[in-house]
Amino acid sequence: MSKLRLSITMSLDGYVSGLDQDVHNPLGVGGLKLHEWFFPLAEFREMHGEEGGEVNASSAVVNERRAGIGATIMGRNMFGPVRGAWPDESWRGGWGEDPPYHHPVFVLTHHPRAPIEMSGGTTFHFVSGGIRAALEQATAAAEGQDVWLAGGASVVNQYLAAQLVDEVDVSIAPVILGKGERLFEGLERDSLTLTQLRAVDGPGVTHIKYAVS
């Protein structure tokens, strides 16, 4: 049975992005610092069609997260900085014409839009029917594989509150953002039962994975 697997990086004070997200700061002010552990890795470079890069303790975590994923769910803000009704169809995501997903991606939005077929097997589908509709479509598209819940915080917190997430895999970066979009915001006390599956220390990051029940 397909699982919904959350994997995301957050600051030590719980934020997954900073304030003032826009085309110049897609993760908000200071948000890129959260992923400084990831950028040097060979896995990151390979995802973007490049060679070289480092191999360290985080490499196995990244490969584990990528394995067995057949579809992705993300929020509108993660897809891009355009807010409100789509003014046109010029924005196609911030990853270029060959995004690093290579499978169907379901974008939650209040504003419908036709699917966007990209190079490399990625197609962005825009879902306006809510989180359960997006999960149903992503699960069907994954064809027996798991679904990655990619972000951002608002969408993730909705899925967590609805108790639809099977695994939580958090990378904690040694960064204090102070303000921004916070993971686990609004969840009730004891609303999730978590069982630790692994913990890995890598350069500039700690990865902790939990099963959710």
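For the structure given in this document, a descriptive report is provided here. These numbers were taken from a predicted model, which means no experiment stands behind them.

1. A look at the side chain of S59
Thinking step 1. Within the element layout of this structure, S59 appears in helix α2 (residues 57–66).
Thinking step 2. Given a relative accessible area of 2%, S59 falls into the buried group.
Thinking step 3. In this structure the side chain of S59 is engaged in a polar contact, spanning 3.1 Å, whose partner is the side chain of E43.
Thinking step 4. Setting aside anything within four residues of it in sequence, one finds S59 in contact with L41, E43 and E54.

2. Let's talk about the nonpolar core
Thinking step 1. Of all hydrophobic cores here, the largest spans 29 residues; its most connected members are L4, I73, L149, Y159 and V165.
Thinking step 2. Where this core is concerned, the elements lending two or more residues are β1 (4–11), β3 (69–75), β4 (104–108), α4 (131–142), β7 (146–151), α5 (153–161) and β8 (167–173).

3. Here we look at the side chain of R76
Thinking step 1. Residue placement: R76 occurs in helix α3 (residues 76–79).
Thinking step 2. Buried charged residue R76 carries no salt bridge. Nearest counter-charge: D88, at 9.7 Å.
Thinking step 3. Once you skip the residues sitting within four places of it in the chain, R76 turns out to touch V82, R83, G84, A85, W86, V107, L108, T109 and H111.

4. Here we look at empty space enclosed by the protein
Thinking step 1. Scanning the entire structure with this criterion turns up 1 cavity of 30 Å³ or more.
Thinking step 2. Quantified by volume, the largest cavity comes out at close to 80 Å³.
Thinking step 3. As for the largest cavity, its lining consists of R5, L6, S7, E64, R65, I69, W148, E167, D169 and K209.
Thinking step 4. Breaking the lining of the largest cavity down by element, the ones donating at least two residues are β1, α2 and β8.
Thinking step 5. Top element by residues in the lining of the largest cavity is β1. It accounts for 3 residues.
Thinking step 6. The residue inventory of the lining of the largest cavity, partitioned by class, reads 3 nonpolar, 1 polar and 6 charged.

5. What about the packing of aromatic side chains?
Thinking step 1. Counting across every chain of the model gives 12 aromatic pairs.
Thinking step 2. With 5.5 Å between their ring centres and 70° between their planes, W86 and F126 make a pair best called edge-to-face. Of this pair, W86 sits in the loop between α3 and β4 while F126 sits in strand β6 (residues 123–127), and the two are 40 residues apart along the sequence.
Thinking step 3. According to the relative accessible area criterion, W86 is buried, its value standing at 15%.
Thinking step 4. Owing to a relative accessible area of 11%, F126 belongs among the buried residues under this scheme.
Thinking step 5. An angle of 75° between the planes, with centres 6.4 Å apart, marks the rings of Y101 and F124 as edge-to-face. Here the residue Y101 occupies a position in the loop between α3 and β4, and F124 occupies one in strand β6, the gap between them amounting to 23 residues.
Thinking step 6. Against the face of W86 rests R76, its NZ or CZ located 3.6 Å from the ring centre.
Thinking step 7. The positively charged end of R113 is found above the aromatic ring belonging to W86, 4.7 Å away from the centroid.

Parameters and conventions
- Residues numbered from 1 in each chain as written.
- Predicted model: local features only at pLDDT ≥ 70, side-chain atom pairs only at ≥ 80, totals over all residues.
- Heavy atoms only, no water.
- Helix = DSSP H or I, 4+ residues; strand = E, 2+ residues; numbered from the N terminus.
- Buried < 20%, exposed > 50% of the residue type's maximum accessible area, 1.4 Å probe, protein only.
- Polar contact = N/O pair within 3.5 Å; in protein donor to acceptor, adjacent residues only side chain to side chain.
- Contact = heavy atoms within 4.5 Å.
- Core = buried A, V, L, I, M, F, W, Y, C linked by side-chain atoms within 4.5 Å.
- Lys, Arg positive; Asp, Glu negative; His and termini not counted.
- Salt bridge = Lys/Arg side-chain N within 4 Å of Asp/Glu carboxyl O.
- 1 Å grid on protein atoms, 1.4 Å probe; cavity = no way out; pocket = protein on both sides within 12 Å on 5 of 7 lines; lining within 4 Å.
- Points joined across faces, edges and corners; volume = space filled by probe spheres on them.
- Nonpolar A, V, L, I, M, F, W, Y, C, P; charged D, E, K, R; others polar.
- Phe/Tyr/Trp six-rings, centres within 6.5 Å; stacked < 30°, edge-to-face > 60°.
- Lys NZ or Arg CZ within 6 Å of the ring centre and 35° of its normal.

Everything listed is a geometric property; what it means functionally is a separate question.
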